[in-house]
Amino acid sequence: MKVMVGVPSYNNAETIGFVIKQAAEGLKKYFGGGIIVNADGGSSDGTREVVLKTQVPDGVEVQSFVYKWPIPGKGSAMKELMEFAREKEADILVFVDSDLRSITPEWIYKFTKPIEEGYDFVAPYYIRHKYDGTITNNIAYPMTASLYGKNIRQPIGGDFGISAKLFDVYLKDEEIWKSNVARFGVDIFLTTTAIAEGFRVTQTTLGLKIHDPKDPAASLGPMFNQVVGTLFMLMKKYEEKWKHVRKIDEVPIWGESTYEEPEAVNVTLELLKIRAKELFAQNEEILRRALSKETFEGVKKALKTFDFDDVLWSHVLFDGAIAYKDGILNEADPLVPLYFAKTADFVEKTRDMSTLEAEKLIKERAKTFLDEKDYLLEHW
Ligand SMILES: Nc1nc2c(ncn2[C@@H]2O[C@H](COP(=O)(O)OP(=O)(O)OP(=O)(O)O)[C@@H](O)[C@H]2O)c(=O)[nH]1
Ligand SMILES: [Mg+2]
C-alpha cells in the first residue's frame, strides 16, 4: 500500500518538526518508507523551513507547499493534500495536525491498518482532558451520534485516516470548498460525509492527545461558527440520511485502549460567563427569531443561573439547524453565547470530577440528544 501523510499548518514552527519526525519513523517502520506532505497557509514563523530540514529516514520523502485555494484555512490545506494524494496515486492518506505533541510512529500504523483491512474512514480515539475539545463534547459528538447513529467519539479530532476511494467523494463538489469546509468545518465535513455516503467507518485508539489547546471564551468563537455552520449545512444536505435514524450504533474501536491521565487544560470560567452574557445581549433579537419560544425562555433563564441542561441544549442546536434551513440564520455565530454558557455549565458541574467521570456525562448527552430527536423531527 502506498501511504501519504498530510500535514496542514499555519505558524507551527515550534511543534511541526516533531510531528514530521514521528510520522517519518512510522512510515519507515511499517511501510519501508512513504511520503509526507505539508500544506501551509503562508506561515511567517518558518514552519515550512522546519519541515524541509527535518531529518528523516531513507525512503521517506518530505515535501511542502503553500496551498493555492483562496480561502485561508485548515480545510483548504486538506483539500490540496487530497488532490496531491490522488495525483500521486496514494492508497491511504493519513492527516495529522501540526501542533501534536503526543504523536508516535505507531499512529501511522493505527490509522493505516484498519484501511488495509477494508475500512475507508478511520477516526481518532484518544484521551483528552475533560476541558479540551469543548466543541466536540458539546456539539460534534452528540449531534453526529444522535443524527447519523454512529457512536464516533471524536468526529472532529483533526487527525484521520482515509482510503483513496474517499478522495473523489470529498473533492467532487468544488462549491462546498467555498464554504466553512475550507476552514475548521473540514473535520465535521469529512466525518459526516463518510458516514452519510455509506462508507465503512471505524475508530482507532491513540492514547493521549496533547496539542496546543485553546481557551474556549478567548479563542473558540470563530471555530464554533465554522464547525456548527458546516454541521447545519450538512443536515440540510443529508436530511434523508438522518431523519430515519432512531438508534446509536457502536463503532468498533481498533486496538487496545489503555487509560492515562491527561495533562490539565485550563478554561477561564469567568470569561465564559461574561462573554456569554455580552454576546447574548448583542444577539438577542436574532435568537428570539431563531429559537422556539420555549427554548428562548429556557436560555434566558440559563444565562442567569448557568445551569444549562442537555435537553435544553439539544433544543438550542436543533432550533438552530432549523433556523439555518429556513434562512433565518445564515451562520451559526449568534449561537456562540449559548455555547459559552453551556460550556460554563459543564465546567462547573465537572469541577470535582476526573476526566473519566466527566466522560460519562458526555456519553449520556448523546443519548439525551437521541431521545430529543422527536422534537427536531416535529419542528423540522
Ligand atoms: N494551512 C492551514 N492550516 C491551518 C490553519 N488553521 C489551522 N491549521 C492547522 O490545522 C491544525 C489544527 O488546528 P488547531 O489550531 O490546532 O485546532 P484544533 O486542534 O482543531 O482545535 P482545538 O481543539 O480547539 O485546539 C493544525 O495543524 C494547524 O496548523 C490555516 O489557516 N491554514
Ligand atoms: Mg490543535
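Residues numbered from 1 in each chain as written. Chains lettered and ligands numbered in written order. Predicted model: local features only at pLDDT ≥ 70, side-chain atom pairs only at ≥ 80, totals over all residues.

Caption draft 1: Geometry of the overall build of the protein chain. Each helix and strand in the protein chain was counted, giving 16 helices and 10 strands. Against the globule reference of 21 Å for 380 residues, the protein chain gives a C-alpha radius of gyration of 20 Å, in line with a compact fold. Viewed in the frame of its principal axes, the protein chain has a C-alpha envelope of about 65 × 40 × 40 Å. A total of 380 residues make up the protein chain; the buried ones form 51% of that total. Of the contacts formed within the protein chain by residues at least 6 apart in sequence, a portion of 85% connects residues at least 24 apart. (Helix = DSSP H or I, 4+ residues; strand = E, 2+ residues; numbered from the N terminus. Rg over C-alpha atoms; globule rule 2.2 N^0.38 Å. Buried ≥ 20, exposed ≤ 12 C-beta atoms within 10 Å, placed from the backbone. Contact = placed C-beta atoms within 7 Å.)

Caption draft 2: Region of the structure containing the domain arrangement of the protein chain. In terms of domains, the protein chain is made up of domain 1 (3–254) and domain 2 (269–379). A separation of 26 Å is found between the C-alpha centroids of domain 1 and domain 2. With 25 residues of domain 1 at the interface, the matching set in domain 2 holds 30 residues. Among the secondary structure elements, those contributing two or more residues to the side of domain 1 that touches domain 2 are helix H5 (134–148), helix H8 (216–219) and helix H9 (221–237). A total of nine residues in the side of domain 1 that touches domain 2 trace back to one element, the largest contributor, which is H5. (Domains from an automatic or database assignment.)

Caption draft 3: Just the environment of Ile-253, in detail. With respect to the helices, strands and loops of the structure, Ile-253 is situated in strand E10 (residues 253–254). Once residues within four sequence positions are removed from consideration, Ile-253 is found in contact with Tyr-125, Gln-203 and Thr-205.

Caption draft 4: View of the pairing of strand E1 (residues 3–9). Burial analysis of E1 places seven of its seven residues in the buried class, which makes it a mostly covered element. Bridge count between E1 and strand E4 (residues 92–95): four bridges; the pairing is parallel. Residue pairing for E4: Gly-6 is matched across the bridge by Phe-95. With six bridges connecting them, E1 and strand E2 (residues 34–40) associate as parallel partners. Of the residues in E2, the one forming a bridge with Met-4 is Ile-35. Regarding topology, helix H1 (residues 13–31) serves as the crossover connection from E1 to the parallel E2, and that connection is right-handed. (Pairing = 2+ DSSP bridges. Right-handed = clockwise from strand over helix to strand, strands pointing away.)

Caption draft 5: Seen up close, helix H11 (residues 269–290). Here H11 contains 22 residues, and its C-alpha end-to-end distance of 27 Å is more than 12% below the 32 Å for a straight helix at 1.5 Å per residue. Listing the buried residues of H11 in full gives Leu-272, Lys-273, Arg-275, Ala-276, Leu-279, Phe-280, Leu-287 and Ala-290. (Expected span 1.5 Å × (residues − 1).)

Caption draft 6: Looking closely at the nonpolar core. Within the largest apolar cluster, 117 residues are counted, with the highest numbers of intra-cluster contacts made by Leu-93, Val-96 and Val-227. For this core, the element with the most residues is helix H13 (residues 310–325), which contributes nine residues. Built from parts of two domains, this core gets at least three residues from each of domain 1 (3–254) and domain 2 (269–379). Apart from the residues lying within four places of it in its own chain, the contact partners of Leu-93 are Met-4, Gly-6, Leu-81, Met-82, Ala-85 and Ile-162. (Core = buried A, V, L, I, M, F, W, Y, C linked by C-beta atoms within 7 Å.)

Caption draft 7: Representation of the sheet that holds strand E7 (residues 160–163) within the structure. One open sheet accounts for eight strands, arranged E3-E2-E1-E4-E7-E5-E8-E10; its pairing is mixed. The open sheet has two free edges, formed respectively by strand E3 (60–66) and E10, since each of these has just one partner strand. The sheet contact formed by E2 and E3 spans seven bridges and is parallel. Paired with Val-37 across the bridge in E3 is Gln-63.

Caption draft 8: View of the pairing of E4. Here E4 shows two buried faces, one formed by Ile-92 and Val-94 and the other by Leu-93 and Phe-95. Relative to E7, E4 is paired through four bridges, and the arrangement is antiparallel. From the neighbouring strand, Leu-93 faces E7, where its bridge partner is Ile-162.

Caption draft 9: Structural detail: helix H7 (residues 186–196). H7 sits mainly inside the fold: 10 of its 11 residues count as buried. All buried positions along H7 are accounted for by Val-186, Asp-187, Ile-188, Phe-189, Leu-190, Thr-191, Thr-192, Thr-193, Ala-194 and Ile-195. Gly-198, located one to two residues past H7, shows a positive phi value of around 80°.

Caption draft 10: Examining the site of ligand 1 more closely. What surrounds ligand 1 is a group of 22 residues, the closest being Tyr-10, Gly-41, Ala-77, Asp-97 and Ser-98. Contributing elements (two or more residues each) for the shell around ligand 1: E1, E2 and helix H3 (74–87). For the shell around ligand 1, a count of residues per class yields eight nonpolar, eight polar and six charged. (Near = placed C-beta within 6 Å. Nonpolar A, V, L, I, M, F, W, Y, C, P; charged D, E, K, R; others polar.)

Caption draft 11: Looking closely at the environment of Lys-29. Along the chain, Lys-29 falls in helix H1. For the pair Lys-29 and Phe-306, spaced 277 residues apart in the sequence, the C-alpha separation amounts to 50 Å.

Caption draft 12: The arrangement of the packing of H5 against H9 in detail. Interaxial distance between H5 and H9 falls to 11 Å at its minimum, and their mutual angle equals 10°. In terms of orientation, H5 lies roughly parallel with respect to H9. Facing H5, whose interface residues are Ile-135, Ile-139, Ala-140, Met-143 and Leu-147, H9 presents Met-223, Phe-224, Val-227, Val-228, Leu-231 and Met-235. Of the residues assigned to the contact of H5 with H9, the class counts are 11 nonpolar, no polar and no charged. (Axes fitted to C-alpha atoms, helices over the stretch in contact; angles between N-to-C directions. Parallel < 35°, antiparallel > 145°, perpendicular 65-115°, else oblique.)

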